[in-house]
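# A look at the structure
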Amino acid sequence: MSEGPWLLVYDLWTGGGVVMPALFATAFVLWFAIGHRLLLLRRGDRRPLRAMVEAGIAGATWPERGIIATAAARGARLWRDRSGPVPIPVLEEAVGELDEELRSGDRLVACLVAMAPLLGLLGTVTGLIETFGSLGTATTSTASEGIAGGIVEALYATQMGLAIAVPGLLAGGYLRQSQARLRGELEELKAILAGAR
C-alpha cells in the first residue's frame, strides 16, 4: 500500500476493532446527510423579498431553485390569480412542503452526531476488555502485545468517534442557523403576500 491518507484509513480500519465499520458507515451517512441539507437550504434568488414579490406580481419569472425563490414565485402567481393579497391558509398550502424541506434531515444529522462518540466509546470499552483479557490469560511476553493491541484499538475508536462528531456538530449548527434564517424569511414573505406588510 502506498504512503499517504489511504495508509491512515487502512490503519484505522484494521486497528480500530469491531466498531470501526460502524464508525465509517456513520461518517459516510452523516456527511451525505449534511451535503443533502446544504443543497436543500439554499435561498435561491438574492433580491430582497419585497423586490421579488413585486417583480413576480408584475409578471416576471425566475427559476424555482431555493426555498425563498420558489416560495416567492408561487406566492406571486397566487397574487396574480387572485388579483390581490393571498390569505395565509392558501399560502400555507402552496408553500407547506417548502417548510417541510427546511426540516428535512435535521434529526438524522443530530442523531448521527450524537451516535458517533458513543460508538467510539464502545470501541474504547472493547479495546480495554481486550487489554485486560490479555493480562489474565497470557504470559509476560505475550501480554505486552495484547495490552498494546487493546490500547491501540481503544484509542483509534475514540479518535474516530470524536473526529466524526466534532465537525458534524459544527456543520449541524451552521445548518440549523441557515434553517432558522430561511424560516424567518419564509414567514416574512407570507406576511408580504398576505398584504400584512
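Not measured: the values here are computed from a predicted model. (Residues numbered from 1 in each chain as written. Predicted model: local features only at pLDDT ≥ 70, side-chain atom pairs only at ≥ 80, totals over all residues. Heavy atoms only, no water.)

Moving on, we come to the overall build of the protein chain. Counting its secondary structure elements, the protein chain contains seven helices and zero strands. Starting at the N terminus and walking to the C terminus, you meet the elements of the protein chain as α-α-α-α-α-α-α. Whereas a compact globule of 197 residues would reach a radius of gyration of roughly 16 Å, the protein chain reaches 26 Å, over 25% beyond that. Taken along its principal axes, the extent of the C-alpha atoms in the protein chain is 90 × 35 × 20 Å. Buried residues in the protein chain amount to 40% of all 197 residues. In the protein chain, the proportion of contacts linking residues at least 24 apart, taken out of those at least 6 apart, comes to 69%. Only carbon and sulfur atoms are counted for the fraction: they give 66% of the accessible area of the protein chain, which is about 10900 Å². Positive and negative side-chain charges of the protein chain, numbering 18 and 19 respectively, have mean locations separated by a distance of 12 Å. (Helix = DSSP H or I, 4+ residues; strand = E, 2+ residues; numbered from the N terminus. Rg over C-alpha atoms; globule rule 2.2 N^0.38 Å. Buried < 20%, exposed > 50% of the residue type's maximum accessible area, 1.4 Å probe, protein only. Contact = heavy atoms within 4.5 Å. Areas by Shrake-Rupley, 256 points an atom, 1.4 Å probe, with all protein chains shown as cover. Lys, Arg positive; Asp, Glu negative; His and termini not counted. Charge placed at Lys NZ, Arg CZ, Asp CG, Glu CD.)

Another aspect to go through is empty space enclosed by the protein. Applying the stated rule across the entire model yields one cavity of 30 Å³ or more. Each pocket or cavity is described by its volume, and for the largest cavity that value is around 40 Å³. If you trace the largest cavity, you find it lined by Ala71, Gly75, Leu91, Val95, Leu186, Leu189, Lys190 and Leu193. Only α4 (67-82), α5 (88-103) and α7 (140-193) provide two or more residues apiece to the lining of the largest cavity. Counting residues per element, the lining of the largest cavity draws most heavily on α7, which supplies four residues. In the lining of the largest cavity, the residues fall into six nonpolar, one polar and one charged. (1 Å grid on protein atoms, 1.4 Å probe; cavity = no way out; pocket = protein on both sides within 12 Å on 5 of 7 lines; lining within 4 Å. Points joined across faces, edges and corners; volume = space filled by probe spheres on them. Nonpolar A, V, L, I, M, F, W, Y, C, P; charged D, E, K, R; others polar.)

Over its 16 residues, α4 extends 23 Å from the first C-alpha to the last, a length consistent with the 22 Å expected when each residue adds 1.5 Å. Counting buried residues along α4, twelve of its 16 residues qualify, which places the element largely inside the surrounding structure. Among the residues of α4, those classed as buried are Ile67, Ile68, Ala69, Thr70, Ala71, Ala72, Ala73, Arg74, Gly75, Ala76, Leu78 and Trp79. Looking one or two residues past α4, Ser83 carries a phi angle of roughly 60°, positive in sign. (Expected span 1.5 Å × (residues − 1).)

A few words now on the packing of aromatic side chains. Counted by the stated rule, this structure contains zero aromatic pairs. In this arrangement the basic side chain of Arg47 is found over the ring face of Trp62, its NZ or CZ atom lying 4.8 Å from the centre. (Phe/Tyr/Trp six-rings, centres within 6.5 Å; stacked < 30°, edge-to-face > 60°. Lys NZ or Arg CZ within 6 Å of the ring centre and 35° of its normal.)

Right, let's get into the side chain of Glu185. With respect to the helices and strands, the residue Glu185 is situated in helix α7. Filtering out sequence-adjacent residues up to four positions away, Glu185 remains in contact with Arg43, Leu49 and Ile68.

So, on to the packing of helix α1 (residues 5-15) against helix α2 (residues 20-40). Relative orientation of the contacting elements α1 and α2 amounts to 130°, with a least axis distance of 8 Å. Our classification of the angle between α1 and α2 gives oblique. When α1 is examined against α2, the residues Val9, Leu12 and Trp13 are found in contact with a partner set consisting of Met20, Pro21 and Phe24. For the contact of α1 with α2, the per-class residue count stands at six nonpolar, no polar and no charged. (Axes fitted to C-alpha atoms, helices over the stretch in contact; angles between N-to-C directions. Parallel < 35°, antiparallel > 145°, perpendicular 65-115°, else oblique.)

Time to look at the pattern of salt bridges. As a working rule, side chains carrying opposite charge can pair if their charged atoms are close by. Applying the stated criterion to the full structure yields twelve salt bridges. Between Arg74 and Glu64 there is a salt bridge, with the nearest N and O atoms lying 3.8 Å from each other. Here Arg74, found in helix α4, pairs with Glu64, found in the loop between α3 (49-57) and α4; they are ten residues apart in sequence, far enough to count as distant. For Arg74, a relative accessible area of 19% translates into the label buried. Lys190 is the partner of Glu187 in a salt bridge, and the nearest nitrogen-oxygen pair spans 3.3 Å. Within this pair, Glu187 and its partner Lys190 are both found in helix α7, separated by three residues, close to a single helical turn. What makes Glu187 partly exposed here is its relative accessible area of 39%. (Salt bridge = Lys/Arg side-chain N within 4 Å of Asp/Glu carboxyl O.)

What follows covers the nonpolar core. Core analysis: the biggest nonpolar cluster contains 43 residues, and Leu23, Leu30, Trp62, Ile68, Ile164 and Leu189 have the highest contact counts within it. In terms of residues, this core owes the most to one element, α7, which gives eleven residues. Leaving out residues up to four positions away in the same chain, Trp62 has contacts with Asp45, Arg47, Met52, Ala55, Gly56, Ala69, Ala72 and Ala73. (Core = buried A, V, L, I, M, F, W, Y, C linked by side-chain atoms within 4.5 Å.)

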